[in-house]
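Chain by chain, the residues:
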Amino acid sequence: MKILIAEDEEMMLKTMEFKLRKEGFQVIACSNGEEAMEKIVSEKPDIIVTDIRMPFITGLDIVRKVKVELKLNIPIIVLSAVGLEKTVLEAFDLGADDFITKPFSPNELIVRVKRLLVSVQT
């Protein structure tokens, strides 16, 4: 299973990448939304984990592009700091499948990724 992570905070990106690789996932790590969009089109990940606030292209832009414009059936988990409820609701309106509030446990991410992948496969 291939997971794309879009996160501009380097430590957060490395932590998620390490944890997901340890769980046996193939990880495509992107430090901004622009790179993420290129990789989504070329790599066709099974699931996307994206931060809401990033330079160039935001997490909302990624959700909009994947779900509305490209109409891809790739589950998307949105990462957001506390206090961005309006933005998170907008992400759900655009088609995001789940959301996790920062800071979070890497184990929580694993559980949510596995749950979404199971629901897509059934």
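Now for a quick tour of the structure. Being a predicted model, the structure only gives us computed values, none of them experimental.

This brings us to the overall build of the protein. Across its full length, the protein holds five helices and five strands. Helices (α) and strands (β) of the protein occur, in sequence order from the N terminus, as β-α-β-α-β-α-β-α-β-α. A compact globule built from 122 residues should have a C-alpha radius of gyration of about 14 Å, and the protein, at 13 Å, falls within 12% of that. Overall size of the protein, expressed as C-alpha extent along the three principal axes, is 30 × 30 × 25 Å. A burial count over the protein gives 47% of its 122 residues as buried. For the protein, the share of sequence-separated contacts (at least 6 apart) that also reach a separation of at least 24 residues comes to 59%. Here the protein has roughly 6400 Å² of accessible surface; of this, 54% comes from carbon and sulfur atoms. Side-chain charges of the protein comprise 17 positive and 20 negative groups, with the mean position of each set lying 4 Å from the other.

Next up on the list: the packing of helix H2 (residues 33–43) against helix H3 (residues 59–69). Where H2 meets H3, the axes come as close as 10 Å, and the angle between the chain directions of the two elements is 20°. Viewed along their axes, H2 and H3 adopt a mutual orientation that is roughly parallel. You can see that H2 and H3 cross each other, and the crossing is right-handed. Residues Gly33, Ala36, Met37 and Ile40 of H2 lie in contact with H3, whose contacting residues are Ile62, Lys65 and Val66. When its residues are assigned to classes, the contact of H2 with H3 shows five nonpolar, one polar and one charged.

Before going further, it helps to examine the packing of aromatic side chains. In total, this model carries one aromatic pair according to the counting rule given. Both rings, one in Phe92 and one in Phe99, keep their centres 6.4 Å apart while their planes meet at 90°; by these two values the pair is edge-to-face.

A few words on the sheet that holds strand S5 (residues 98–102). If you trace the five strands from one edge of the open sheet to the other, you get S2-S1-S3-S4-S5, paired in parallel fashion. Only two strands of the sheet have a single neighbouring strand rather than two, namely strand S2 (26–30) and S5. Put simply, the sheet's adjacent strands are angled 20° from each other on average, direction ignored. Strand direction decides the pairing type here: strand S4 (residues 76–81) and S5, joined by five bridges, are parallel. For Val78, the partnering residue across the bridge sits in S5 and is Phe99. Against the sheet, H2 engages strand S1 (2–6), S2 and strand S3 (47–51), with an angle of about 145° to S2.

Definitions and limits used
Residues numbered from 1 in each chain as written. Predicted model: local features only at pLDDT ≥ 70, side-chain atom pairs only at ≥ 80, totals over all residues. Heavy atoms only, no water. Helix = DSSP H or I, 4+ residues; strand = E, 2+ residues; numbered from the N terminus. Rg over C-alpha atoms; globule rule 2.2 N^0.38 Å. Buried < 20%, exposed > 50% of the residue type's maximum accessible area, 1.4 Å probe, protein only. Contact = heavy atoms within 4.5 Å. Areas by Shrake-Rupley, 256 points an atom, 1.4 Å probe, with all protein chains shown as cover. Lys, Arg positive; Asp, Glu negative; His and termini not counted. Charge placed at Lys NZ, Arg CZ, Asp CG, Glu CD. Axes fitted to C-alpha atoms, helices over the stretch in contact; angles between N-to-C directions. Parallel < 35°, antiparallel > 145°, perpendicular 65-115°, else oblique. Left-handed = near helix turned anticlockwise from the far one by under 90°. Nonpolar A, V, L, I, M, F, W, Y, C, P; charged D, E, K, R; others polar. Phe/Tyr/Trp six-rings, centres within 6.5 Å; stacked < 30°, edge-to-face > 60°. Pairing = 2+ DSSP bridges.

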